[in-house]
Number of protein chains: 2
Amino acid sequence: MAEVERISKRGAIRQENEARILSAAEKVFAEAGFGGATMQLIADMAGLPKANLHYYFATKEELYRKVVQQIFEIWLHAADSFDDAPGPVEAIGAYIDAKMEISRRHPFGSKVWASEVMHGAPVIQDYLETTLREWTGGRAKLIQKWIDEGKMASIDPRHLLYMLWATTQHYADFGHQIETLNGGKPLSDRQWKEAKESVRSIILRGIGAL
Amino acid sequence: MAEVERISKRGAIRQENEARILSAAEKVFAEAGFGGATMQLIADMAGLPKANLHYYFATKEELYRKVVQQIFEIWLHAADSFDDAPGPVEAIGAYIDAKMEISRRHPFGSKVWASEVMHGAPVIQDYLETTLREWTGGRAKLIQKWIDEGKMASIDPRHLLYMLWATTQHYADFGHQIETLNGGKPLSDRQWKEAKESVRSIILRGIGAL
DNA sequence: TCGCTTCCTGACCATATGGTCAAGGTTGAG
DNA sequence: CTCAACCTTGACCATATGGTCAGGAAGCGA
């Protein structure tokens, strides 16, 4: 900290405050939705005066866009596990693992993402049509290859992907429901592990890869 | 219509307008979220002056609550299929069918429900803690019975239920994403059928019930 | 120290929104 | 026909909110 300040307080301040704001914004957007979130609330949560937010992020939309882009990066990154794997068991197993971990570590971001898509993707429609479409197409082909090679049953690759997304994301988006059904307590380490295992085993067996 | 009016225009008007408003509200809440929805927008969509909404529904909260309750009823009703079935194949198959149909027929309601839960269930928390908790507990026991009877593999019943909810609801909540990945077109009849089949076969095989 | 850039913030503004109200219209039982 | 209950709605209000701005503080290279 002291060192950073000595070297360059300029950049450090900006970085620190932007991160602080983005983190607060993520939480507020997740809990209140875009329409329900207020700059004042975000400012309070970030511990900064409201006018200061507007110094770093001109408008609410801009701030929101940054938050969404941030989670999309993480989201896409989880896909890396998919690529360098010999077959469906390793690839899909690792993917489930990665996405479950995202649900656990970034519940707010996940909710913001879900909210964004549910509302018709007003700010990331172009990503859906470019990056995501490509990604999906590529993975679908890969899955089809595995099917052709007899490594798994004949399943529509698209619907398998949807299922992976749905199931893993559910633990973030509907975390409150799950928590309520869990006696009002968040899932423990053990329970998270069980969740992962359940998802993994049902899906891998379900596609005939085990 | 004419008959209804002749019999009792009083009750008919109320019923007609409330239904009109609820339908418009469902759509607007789904597309904009609670915070983003405005009474004016709902009024316009219902074809009524804003002041008229407040005649039937005192506050935005009250209107919202009605919308959420409405979808919760439908949601619970889909569970009927679960009860009078001899084993997991029939029960879960029928449940998937029913829930997929809800996602297709009531995409707005599904989104409102998802949004409500994602935001911490501010208005239906009590339902979650009573009705839903009971329902879930009952089904979990039933599933456990099937496991004990050797009708399916040993899977944590809770996580199986979560998976069913997640997967089926995904087709409503993330319908926009799916549509985008489908070339910008809504799923056709055939594609919906394929979706159902995919979900059904993966899950039923996944739990070792086939 | 000087001067330039970056950062900070209280006060302020225009607008949008949930909600109210009073006056007037419609319906149907007696 | 009458009257009370029900329905309709334009105008209005208080408030909350996104965004602005001017003036000042802090950092930093020279």
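As recorded by an unreviewed UniProt entry, chain A carries the name TetR/AcrR family transcriptional regulator and is attributed to Albidovulum sediminicola.

Draft legend 1. View of the overall build of chain A. Helices and strands together make up the secondary structure of chain A, namely 11 helices and 0 strands. Listing the helices and strands of chain A from first to last along the sequence gives α-α-α-α-α-α-α-α-α-α-α. Overall, the C-alpha framework of chain A stretches about 60 × 40 × 40 Å when taken along its three principal axes. Of all 210 residues assigned to chain A, the portion counted as buried reaches 49%. Pairs at least 24 apart in sequence give 68% of the contacts found in chain A among residues at least 6 apart. Summed over all atoms, the accessible surface of chain A reaches about 9,600 Å², with 51% contributed by carbon and sulfur. For chain A, the distance from the average position of its 26 positive side-chain charges to the average position of its 28 negative side-chain charges is 3 Å.

Draft legend 2. Inspection of helix α6 (residues 88-105) of chain A at higher detail. Compared with the 26 Å implied by 1.5 Å per residue over 18 residues, the 25 Å span of α6(A) between its first and last C-alpha is a close match. Summarising the contacts, the buried residues of α6(A) are in contact with α4 (60-77), α5 (80-83), α7 (107-118), α8 (125-148), α9 (157-173) and α11 (189-206) of chain A.

Draft legend 3. Quick look at the domain arrangement of chain A. All names here are of chain A. Taken domain by domain, chain A comprises domain 1 (1-58) and domain 2 (65-206). Once you take the C-alpha centre of each, domain 1 and domain 2 turn out to be 29 Å apart. Opposite the 8 residues of domain 1 that make contact, domain 2 presents 7 residues. The junction of domain 1 with domain 2 conceals about 750 Å² of combined surface from both sides, 74% of it contributed by carbon and sulfur atoms.

Draft legend 4. Focus on the packing of aromatic side chains. Using the criterion set out here, one finds 34 aromatic pairs over all chains in the structure. Each ring, one from Tyr162(A) and one from Tyr171(B), has its centre 6.1 Å from the other, and the planes form 85°; the classification is edge-to-face. With Tyr162(A) in helix α9 and Tyr171(B) in helix α10 (residues 157-173), the pair connects residues from two separate chains. Like Tyr162(A), the residue Tyr171(B) is buried in the burial classification. Grouping aromatic residues by their ring pairs yields a cluster made of Phe72(A), Trp75(A), Phe82(A), Tyr95(A), Trp113(A), Tyr127(A), Trp135(A), Trp146(A), Tyr162(A), Trp165(A), Tyr171(B) and Trp192(B).

Draft legend 5. Quick peek at the interface of chain B and chain A. Taken residue by residue, the interface counts 56 residues in chain B and 56 residues in chain A. For chain B, the biggest contributors to the area lost against chain A are Met118(B), Leu181(B) and Ile202(B); these three give 17% of the whole. Summed over the shared surface of chain B and chain A, the number is 0 salt bridges. Between the two partners, chain B and chain A, sit 14 residue pairs in polar contact (both at pLDDT 80 or more). Secondary structure elements with two or more residues in the side of chain B that touches chain A: α2 (9-36), α8 (107-118), α9 (125-148), α10, α11 (175-181) and α12 (189-206) of chain B. Looking at the side of chain B that touches chain A residue by residue, the class counts come to 25 nonpolar, 22 polar and 9 charged.

Draft legend 6. Representation of the side chain of Ser110(A) within the structure. Residues and elements named next belong to chain A. Mapping Ser110 onto the fold places it in helix α7. Exposure remark for Ser110: the relative accessible area of 5% places this residue in the buried category. Contact partners of Ser110, with chain neighbours within four places excluded, come to Ile71, Ile102, Ser103, Gln169, Ala172 and Asp173.

Rules of the game
- Residues numbered from 1 in each chain as written.
- Chains lettered and ligands numbered in written order.
- Predicted model: local features only at pLDDT ≥ 70, side-chain atom pairs only at ≥ 80, totals over all residues.
- Heavy atoms only, no water.
- Helix = DSSP H or I, 4+ residues; strand = E, 2+ residues; numbered from the N terminus.
- Buried < 20%, exposed > 50% of the residue type's maximum accessible area, 1.4 Å probe, protein only.
- Contact = heavy atoms within 4.5 Å.
- Areas by Shrake-Rupley, 256 points an atom, 1.4 Å probe, with all protein chains shown as cover.
- Lys, Arg positive; Asp, Glu negative; His and termini not counted.
- Charge placed at Lys NZ, Arg CZ, Asp CG, Glu CD.
- Expected span 1.5 Å × (residues − 1).
- Domains from an automatic or database assignment.
- Buried area = accessible area lost by both parts, 1.4 Å probe.
- Phe/Tyr/Trp six-rings, centres within 6.5 Å; stacked < 30°, edge-to-face > 60°.
- Salt bridge = Lys/Arg side-chain N within 4 Å of Asp/Glu carboxyl O.
- Polar contact = N/O pair within 3.5 Å; in protein donor to acceptor, adjacent residues only side chain to side chain.
- Nonpolar A, V, L, I, M, F, W, Y, C, P; charged D, E, K, R; others polar.

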